[in-house]
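Structural overview
For reference, the chains in residue letters:
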Amino acid sequence: MKISHISFGASSLGSVFRDTRLNESISAVETAIEGGINFIDVSPYYGYYKAETVLGQALKHIPREAYYLSTKVGRYGEDGHNTWDYSARRVTDSVYESMERLGVDYIDLINVHDIEFQAALPGGLQKVVDETLPALVELRSKGIVRHVGITDLQLENLRWVVEHAEAGVVESVLNFCHFCLCDDALVDYVGLFEHRGVGIVNASPLSMGLLSVRGVPQWHPAPKSLVKACQKAALYCQEKGYPIEKLAVQYAVSNPHIASTLFSSANPDNVRRNIEWANEEPDWQLVAEVKDIIGDQQRVTWQNT
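Residues numbered from 1 in each chain as written. Predicted model: local features only at pLDDT ≥ 70, side-chain atom pairs only at ≥ 80, totals over all residues. Heavy atoms only, no water.

**Section: the sheet that holds strand 3 (residues 68–73)**
Spatial strand order, 1-2-3-6-7-8-9-10: eight strands in a closed barrel with parallel pairing. Mean inter-strand twist for the sheet, computed between neighbouring axes without regard to direction, equals 30°. Where strand 6 (residues 107–112) meets strand 7 (residues 145–152), five bridges bridge the pair, whose relative direction is parallel. In the sheet register, I110 faces strand 7, and the bridge partner there is V148. Of the strands in this sheet, strand 3, strand 6 and strand 7 are in contact with helix 3 (residues 88–102), which crosses strand 3 at around 135°. (Pairing = 2+ DSSP bridges. Helix = DSSP H or I, 4+ residues; strand = E, 2+ residues; numbered from the N terminus. Axes fitted to C-alpha atoms, helices over the stretch in contact; angles between N-to-C directions. Contact = heavy atoms within 4.5 Å.)

**Considerations on the nonpolar core**
Nonpolar side chains tend toward joint burial in soluble globular proteins. The biggest cluster of nonpolar side chains holds 93 residues, and the ones touching the most others in it are F8, I40, L55, L133, I150 and V170. Setting aside anything within four residues of it in sequence, one finds L55 in contact with A10, L13, V29, I40, V42, L69 and L102. (Core = buried A, V, L, I, M, F, W, Y, C linked by side-chain atoms within 4.5 Å. Buried < 20%, exposed > 50% of the residue type's maximum accessible area, 1.4 Å probe, protein only.)

**Considerations on the pattern of salt bridges**
Counted by the stated rule, this structure contains ten salt bridges. Residues R90 and E97 are paired through a salt bridge, measuring 3.2 Å at the closest nitrogen-oxygen approach. In this structure E97 comes out as partly exposed when scored by relative accessible area, which is 30%. (Salt bridge = Lys/Arg side-chain N within 4 Å of Asp/Glu carboxyl O.)

**A look at the environment of N157**
Looking at the element boundaries, N157 is found in helix 6 (residues 155–164). C-alpha separation for the pair N157 and D114, spaced 43 residues apart in sequence, amounts to 9.4 Å. Contacts of N157, omitting those with residues within four sequence positions, involve I115, E116, L125 and D152.

Note that every value here comes from positions in space, so none of it alone points to a role or purpose.
Below is the structure:
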């Protein structure tokens, strides 16, 4: 797949971050495609199936050849309760269920979602290698999915599965919050992934709100010390007349070894603005100043929730 350097994450369509309106969500997707984005990522977990359902309605109006579509398996939820199931049977069924919600007859990229949760379940990450991935490879052999990947916040888990799976099984990794202004740990793993022919997708250029004037939600997994450092950096950028959100998007798309960076918004104006920012060079002096403000907090450990 040859994907756009900035891509559309559809989690917002599931009202994950705020209540959303259907017409606005559909317009956001259409704006992304019109702006040159050709890669859309979603998951049954986002909004407990709502994001896939809304995206499916939006895609009715868009030619299938205009986009690559990625969704996920393994992480779900209903009635406020999160669930995880990485078994071969469940992930196989999940693919077909997602296709029905999305209104498509194949998935370009199927990802095993947040494998760190399987690491804490019976079988650990070995189950991803021995059971989850082979089930998806079987679907790949049938043309139901075109490519297979894995996602996680924890980079070491991505590395472990890539190293333990047979060559060619894992074709891409999706990692979030680890190539942005406040954390560039993904850089340490680029060489390994490239050596094994694994494509790299980065997500959340604003680090789930850390790099914004708005700030982070209560559930954000970053340690308080990093939250405070980013708040200080955001105020500094505001004083300079250069929104930290703009700088964050520009920095996140700047690494040529990363295929694409995902952002999410159900607001068409925000989508249009992010595309414009992503096509501009960042103020590298300001990047250096922001990194200096954040300092040692750039490599702290934080856990997904």
